[in-house]
Amino acid sequence: MTETLNILSERVDDIPLLLAQLERMGVQPLLDEHFPAHGNWVGLSPGWVTVLWLTHILSQADHRLNHVEPWAEQRLHTLRRCTGQRVHPLDVSDDRLAGVLELLSDDDRWCACEGALTRQLLRVYDLQPERVRLDSTTASGHWTVSEDGLFRFGHSKDHRPDLPQVKIMLSALDPLGLPVATDVVPGQRADDPLYVPAITRVQESLGRRGLLYVGDCKIGAVETRAFLQAGGDYYLCPLSALQVPLPVLAAYLAPVWTGEQALTPIARVSANSQQALIAEGFERVTPLTAVVAGAPISWAERRLVIRSHQLAQAGERGLRARLAKAQAAIAALNERRRGKRRVMERTALQEAVAAIVARSHIQGLLQMRYADQVRQQPVRRYGERLATVRVEQDWQVTASVDEEAVGAAVRQLGWRVYATNQPADQLSLEQAVLAYRSEYLIEQDFGRLKGRPLSLTPMYLERDDHATGLIRLLAVGLRVLTLLEFVVRQGLAAAQTTLAGLYAGNPKRSTPRPTAERLLEAFQDLTLTIIREGRRRRYHLTPLSRVQQRLLALLDFPVEIYTRLCVDSRKPP
């Protein structure tokens, strides 16, 4: 009797790696502890459903609810062997996933769960936090706006003021950019009042004081700085033009122009181990007093007056370009051509010149010279009109650059004042500048959150609680990417080596700092083949490449997280 031969194929790719990483982070037990299922819940627990959904999101770069069930149905053997659970496609149906979002939208439970997850990650990865970065971003979409809803019109950081948005406040640890606290608020909320609640959540999650909180000028509100001072923490932020107006900045810089104040050079080590001067500056100490929780508090604030070389050079280029453009516009006022209305009176010409100077923001940098010319214009005879000569007074203007004034303006460019309350023996002037210039770390988190693979935008959800739950879910996914990247880079740095084979079309190209996206991409095209012959089943998995084996070794994962999918796979070469 001939037996029927059935051959099935499952795309394995990075699924075992992602599930192993989520298991190491302890995501599923924590979610089940803080978000217990209600009485009508059947099948896999909310924690397992969330872990499977996160794996789909990170592997497929797609958070749409209705795409998860068919994905799981085509990978049932892989998911069951990797999780040890009896996974069924209906466990990740869109209704079940919507229920997960409703659970995650519970503010109190989420705060407790996120704090427990942070403490667990600090313990598992032996992290010793010293700095926390805080910033906010917005996610815009075509949503329905309600008076008390989450999606509101406000200042858009996506440059889409025509669309309603939701605002996300993120706190992350240096140097890996690991999220600590995620707050979701309506899109019209201002940033300044969000910092104290975010800092409070970080303090509760970490259980540590004496950390340095780094942010942009919105964290520089006096109330926020006083709150950190009163709590035994430190801050580092630039001060806005309202906090340090031009007369105050001029007073800070006056000793520099007279030579009484020396400038400290600030250098940064480049990738090829060469030092490059990036800034220079000095510091002043300013006493401050504020009221926190009804009690007055006083402290000495270090104000770091820094001149960025790159910013100064860019400012000078912009200034020179504006001067040239304004000179060309002023010279055009003298042109005589058909269809162009001339400015004949001196007062009108001066007003036109003043408008050009104001528009170009170059007041006092150009010297104007006005000259009048008397021109005789012959008028031809026409009919009974006799030929005559018309006398016209023609005003012209010439603009020249006042190099002395421009030089004084150029030396004012590139200066900015930063504030910190951390002592100089803990945070030097150079360390403060370099610390603030690592603000790109949290910007990278926002890029991942809104781009691939987390793909928050566009968001295919309408309900406020679903949107809140999804953002919190993606924040957990952001932690997965951050830790994968951190561990591999740490391993390469410890071995003082690089990793090659991650770039398509250039297998010899190597890098000491691979991104999490490229690490996951390296596991694409791994396929599990299941051959059914009667009651017998045989399994074959695409052999792992040398790059894949090395990545697993750097991540301290055994090859068995893949080979356990089958018992008769060929051993990796």
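Worth saying up front: this structure is predicted, and the values here are computed from it rather than measured. (Residues numbered from 1 in each chain as written. Predicted model: local features only at pLDDT ≥ 70, side-chain atom pairs only at ≥ 80, totals over all residues. Heavy atoms only, no water.)

Bringing the overall build of the protein into the picture now. Along its length, the protein carries 19 helices and 16 strands. Based on the C-alpha atoms only, the size of the protein along its principal axes is roughly 125 × 75 × 55 Å. Considering the protein as a whole, with its 573 residues, one finds that 49% of them fall into the buried category. Within the structure as shown, the protein displays about 28800 Å² of accessible surface, and the carbon and sulfur contribution to it stands at 50%. (Helix = DSSP H or I, 4+ residues; strand = E, 2+ residues; numbered from the N terminus. Buried < 20%, exposed > 50% of the residue type's maximum accessible area, 1.4 Å probe, protein only. Areas by Shrake-Rupley, 256 points an atom, 1.4 Å probe, with all protein chains shown as cover.)

Attention now moves to empty space enclosed by the protein. Summed over the entire model, instances satisfying the criterion amount to 4 cavities of 30 Å³ or more. What lines the largest cavity is Val27, Leu30, Leu31, Trp110, Cys113, Glu114, Leu117 and Val476. Of all the secondary-structure elements, those providing two or more residues to the lining of the largest cavity are helix H2 (27–34) and helix H7 (107–124). Ranked by the residues each element gives to the lining of the largest cavity, the list is headed by H7, at 4 residues. Within the lining of the largest cavity, the residues separate by chemical class into 7 nonpolar, no polar and 1 charged. (1 Å grid on protein atoms, 1.4 Å probe; cavity = no way out; pocket = protein on both sides within 12 Å on 5 of 7 lines; lining within 4 Å. Points joined across faces, edges and corners; volume = space filled by probe spheres on them. Nonpolar A, V, L, I, M, F, W, Y, C, P; charged D, E, K, R; others polar.)

A few words on the sheet that holds strand S3 (residues 165–173). One open sheet accounts for 9 strands, arranged S4-S3-S2-S5-S6-S12-S9-S8-S7; its pairing is mixed. A strand with exactly one partner marks an edge of an open sheet, and here the two such strands are strand S4 (178–186) and strand S7 (264–269). Taken over all neighbouring pairs, the strand axes of this sheet differ in orientation by 25 degrees on average, direction set aside. Of the strands in this sheet, strand S2 (131–140), S3, S4 and strand S5 (212–214) are in contact with helix H8 (residues 195–206), which crosses S4 at around 145 degrees. The strands touched by helix H15 (residues 440–450) are S2 and S3; relative to S2, the strand with the most contacts, the crossing angle is about 35 degrees. (Pairing = 2+ DSSP bridges. Axes fitted to C-alpha atoms, helices over the stretch in contact; angles between N-to-C directions. Contact = heavy atoms within 4.5 Å.)

Attention now moves to the pattern of salt bridges. Oppositely charged side chains may form a pair once their charged atoms are brought near each other. Inspection of every chain in the model, using the stated rule, returns 26 salt bridges. Among the ionic pairs, Arg302 bridges to Glu283, the shortest N-O distance being 3.0 Å. Of the two residues, Arg302 is situated in strand S9 (residues 295–308) and Glu283 in strand S8 (residues 275–292); the sequence distance between them amounts to 19 residues. Among the charged side chains, a network of salt bridges with common partners joins Lys157, Lys167, Asp191, Asp216 and Lys218. (Salt bridge = Lys/Arg side-chain N within 4 Å of Asp/Glu carboxyl O.)

So, on to the layout of surface pockets. For the second largest pocket, the calculated volume is near 350 Å³. Lining the second largest pocket are Leu239, Ser240, Ala241, Val244, Pro245, Leu246, Leu249, Ala250, Gln412, Trp415, Arg416 and Val417. Elements with a minimum of two residues in the lining of the second largest pocket: helix H10 (246–258) and strand S12 (415–420).

Quick look at the packing of H7 against helix H16 (residues 464–495) now. Orientation of H7 relative to H16, taken along the N-to-C sense of each, is 5 degrees, at an axis distance of 12 Å. Viewed along their axes, H7 and H16 adopt a mutual orientation that is roughly parallel. The segment H7 lies against H16, with Asp107, Trp110, Glu114, Leu117, Thr118 and Leu121 engaging Arg472, Val476, Arg479 and Leu483. Along the lines of polarity and charge, the residues of the contact of H7 with H16 split into 5 nonpolar, 1 polar and 4 charged. (Parallel < 35°, antiparallel > 145°, perpendicular 65-115°, else oblique.)

Once that is clear, we can look at H10. Helix length check: H10, at 13 residues, gives a terminal C-alpha distance of 18 Å against a target of 18 Å (1.5 Å per residue), a fit within 8%. The largest bend in H10 amounts to roughly 35 degrees and is located at Tyr252, with the proline Pro255 lying one to four residues further along. Residues Leu249, Tyr252, Leu253, Pro255 and Val256 constitute the buried set of H10. Among the structural elements, S8, S9 and S12 are those in contact with the buried residues of H10. (Expected span 1.5 Å × (residues − 1). Bend = angle between axes of the 7 residues up to and from the residue.)

At a minimum axis separation of 10 Å, helix H3 (residues 46–60) and helix H6 (residues 94–104) run at an interaxial angle of 110 degrees. By the criterion of interaxial angle, the relationship of H3 to H6 is roughly perpendicular. Residues Pro46, Val49, Thr50 and Trp53 of H3 lie in contact with H6, whose contacting residues are Arg96, Leu97, Val100, Leu101 and Leu103. Here the contact of H3 with H6 is built from residues that sort into 7 nonpolar, 1 polar and 1 charged.

Let us now look at the packing of aromatic side chains. Applying the stated criterion to the full structure yields 5 aromatic pairs. Ring plane angle 25 degrees and centroid distance 4.1 Å describe the contact between Trp143 and Phe151, whose orientation is recorded as stacked. Seen from their ring centres, Phe523 and Tyr562 are 5.7 Å apart, and the 10 degrees between their planes marks the pair as stacked. Of this pair, Phe523 sits in the loop between helix H17 (516–521) and strand S15 (527–533) while Tyr562 is found in helix H19 (residues 560–563), placing the two residues 39 residues apart along the sequence. Residue classification places Phe523 among the buried positions, given a relative accessible area of 0%. Accessibility expressed as a relative area gives 0% for Tyr562, which makes it buried. Linked through ring pairs, Trp257, Phe282 and Trp415 together constitute an aromatic cluster. In this structure, Arg96 is placed above the aromatic ring of Trp41, and the distance from its NZ or CZ to the ring centre is 4.5 Å. Sitting over the ring of Tyr503, Arg509 keeps its end group 3.9 Å from the ring centre. (Phe/Tyr/Trp six-rings, centres within 6.5 Å; stacked < 30°, edge-to-face > 60°. Lys NZ or Arg CZ within 6 Å of the ring centre and 35° of its normal.)

Let's shift gears to the environment of Leu249. As for its position among the elements, Leu249 is in helix H10. Separated by 163 residues in the primary sequence, Leu249 and Gln412 place their C-alpha atoms 9.6 Å from one another. Beyond its immediate chain neighbours, meaning those up to four positions away, Leu249 contacts Val244, Val305 and Val417.

Along the chain, Ala324 turns up in helix H11 (residues 309–332). In the structure, Ala324 is positioned 76 residues away from Ser400 in sequence and 9.9 Å away in space, judged by C-alpha atoms.

Moving on, we get to the state of the cysteines. Tallied over the full model, the rule gives 0 disulfides. The structure places no disulfide on Cys237, whose sulfur is separated from the nearest cysteine sulfur, that of Cys217, by 8.2 Å. A relative accessible area of 0% places Cys237 in the buried class. Left without a disulfide partner, Cys566 is nearest to the cysteine sulfur of Cys82, which lies 11 Å away. Accessibility expressed as a relative area gives 6% for Cys566, which makes it buried. (Disulfide = S-S within 2.5 Å.)

Bringing the side chain of His56 into the picture now. Within the secondary structure, His56 is located in helix H3. Excluding its chain neighbours within four sequence positions, the residues that come into contact with His56 are Ala61, Asp62, His67, Val68 and Trp71.

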